[in-house]
Amino acid sequence: MRNISTVIIGAGQAGLAMSKCLSDRSVAHVVLERGEVAQSWMKDRWDSLRLLTPNWQSRLPSYGYAGPDPDGYMNMPQITGYLRNYAHAINAPVEEHTAVHSVTSHGNNYLVRTNKGDWICDNVVVASGACARPKLPQLAGAVPESIMQLSLSTYKSPDQVAKGGVLVVGASASGVQIAAELGTSGHAVTLAVGEHIRAPRRYRGRDIQWWMDRSGILDVRVNEVDDSDRARRLPSFQLIGDPGIDSIDLNALQAIGISVTGRLAGIQNGMAQFSGSLANHCAISDLKIGRLLRHFDDWAGRMNIPDLPDARQLPPTLLPTPLHLMSNLRNGAIHTIVWATGYSPEFSWLKLPVFDQKGMLIHDQGIVAPGLYVIGLPFMRRRKSALIDGVGGDAQALSDHLIANRNRRAA
């Protein structure tokens, strides 16, 4: 049994940023990691994945990208190396291959049990990430056994996918990237599309993330939006980290032979049923991106940004005709389903009354309970909270709160 002020659980970007901020405030702490630093980036993503944010945007406390390609996008080995170099640079007290079995109350403190011994601490910071496990819908259980099913953690490359048709379910960033990769590798791909947000990689000569960053959209606070729960559930932009690909929206996918249909609504007796709401989802997506681009234009006009090409509108999303609403999963046309239906956190080891009726962690901008914090969740404090570029500001705010709370307890 060891005693320490603070235990951080997770050594990804959020846990390392918190470690740096606690070190700056002379708070004794340890970072527990189930695998190695940047484990999720190294093991739990598909082979060709790159960051959706440019390298210049990989900003962490007292650390930034210093390589030759600030406008490029790191692949998984590069981001793993980047975070490991950061851990070394800040001398983070990481204990790797340490799996947390449970966190419970221990008087006025917390007891953290692991496979390598237990800790008693005043504070726990949960930094295990928002993408700990892939979300799978219940209807996955109705898929015929003859069809291979892959999730966002088990899909690695087209090489593992059997010849034949593929159904990709979900059209956010992950879904459109995987659909494009499978389509260009020779598979007949159908993409089931629900709510989504299209976006150009570049607009008026600048990366879309440049606009999001400079215009202040990424710094919007959670208490400045009307519906924080809704804001946290918004799908990611349809983007790919490739400077040579300006668009990976539904128009671009259909142009390379990808078939699109509506949201997968059910599977019954081997028949996949798709929603007829595709036109509505596309119209809403077109409306949202048009409104966002006009916001950028207005901001650029107020700021007198020089050397910008003229504003332009995106063409409307093309709809397939006819729209197929049924697919027989038993006739051999579909051999594989890839569930690109997002991720969720994994908090089963957190044995405390801090969850709502739906099993969601209750927190107020990262503050869960006295001495208990979470970091790295979507729109936790600001719109960029789940980005590498966003965890630093959140870590500073939570570290300040931790210090103030410690001082109150000591008074």
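Note on numbering: residues in each chain are counted from 1, in written sequence order. Reporting in this predicted model follows two pLDDT cut-offs: at least 70 for local features of residues, and 80 or more for side-chain atom pairs to be given and counted; totals over whole chains, interfaces and linings ignore these cut-offs and use all residues. Just so you know, side-chain values use all the structure's heavy atoms and leave hydrogens and water out.

**Student:** Can you help me understand the layout of surface pockets in this one?
**Tutor:** Over the atoms, a rolling probe the size of a water molecule traces out where space has been left empty. Only protein atoms enter the calculation, which uses a 1 Å grid: trapped sets of points that fit a 1.4 Å probe without letting it out are cavities, open sets showing protein on both sides within 12 Å along at least five of seven lines are pockets, and any residue with an atom within 4 Å of a point is a lining residue. Grid points are joined across faces, edges and corners, and a volume is the space filled by probe spheres set on the points. The space that makes up the second largest pocket amounts to roughly 250 Å³. In terms of lining residues, the second largest pocket is bounded by 16 residues, among which T190, S259, T261, H324 and M326 are the most central. Here a helix means four or more residues in a row that DSSP labels H or I, a strand means two or more in a row labelled E, and each is numbered from the N terminus. Elements supplying a minimum of two residues to the lining of the second largest pocket: β15 (259-262) and β18 (326-328). Under this grouping Gly is polar, as are all residues other than the nonpolar Ala, Val, Leu, Ile, Met, Phe, Trp, Tyr, Cys and Pro and the charged Asp, Glu, Lys and Arg. In the lining of the second largest pocket, the residues fall into nine nonpolar, seven polar and no charged.

**Student:** Would you explain the sheet that holds strand β8 (residues 148-151) in this entry?
**Tutor:** Note on sheets: strands pair through backbone hydrogen bonds, and any given pair is parallel or antiparallel. Strand order in the open sheet made by the five strands is β8-β19-β9-β10-β15, with parallel pairing throughout. Pairing within the sheet leaves two strands with one partner each, and these edge strands are β8 and β15. With strand direction ignored, the average angle separating the axes of adjacent strands in the sheet is 20°. In terms of strand pairing, strand β9 (residues 165-169) meets strand β19 (residues 334-339) through five bridges, oriented parallel. Of the residues in β19, the one forming a bridge with V169 is W339. Two strands are said to pair when DSSP picks up at least two bridges between them. Angles here are taken between N-to-C directions and fall from 0 to 180 degrees, while the axes themselves are lines fitted to C-alpha atoms, restricted in helices to the stretch in contact.

**Student:** Just checking my understanding: could you explain the pattern of salt bridges for this structure?
**Tutor:** In the sections that follow, a salt bridge refers to a side-chain nitrogen of Lys or Arg positioned within 4 Å of a carboxyl oxygen of Asp or Glu. Under the definition given, this model contains 19 salt bridges. Between R34 and D44 there is a salt bridge; the shortest N-O distance is 3.1 Å. Placement of the pair is R34 in the loop between β2 (29-32) and α2 (39-43) and D44 in the loop between α2 and α3 (76-89), with a sequence separation of 10 residues. Each residue is placed in one exposure class: buried if its accessible area under a 1.4 Å probe, protein chains only, is under 20% of its type's maximum, exposed if it is over 50%, and partly exposed if it falls in between. With a relative accessible area of 48%, R34 lands in the partly exposed category. Across the salt bridge formed by K288 and E195, the nearest N and O atoms sit 3.7 Å from each other.

**Student:** What am I meant to see in α3 here?
**Tutor:** Residues lying three or four places apart along an α-helix face the same way, a consequence of the helix completing one turn every 3.6 residues. Given a helix with a known number of residues, its expected span is that number minus one, times 1.5 Å. Its 14 residues place the ends of α3 20 Å apart at the C-alpha level, agreeing with the 20 Å of an ideal helix rising 1.5 Å per residue. Looking at α3, one finds that the buried residues are M76, I79, T80, Y82, L83, Y86 and A87. With its buried residues spanning 160° around the axis, α3 presents them on a single face. Turned more than 90 degrees off the buried face of α3, the exposed positions are P77, H88 and A89. Working definition: the arc comes from the directions between the helix axis and the C-beta atoms, pointing outward to the latter.

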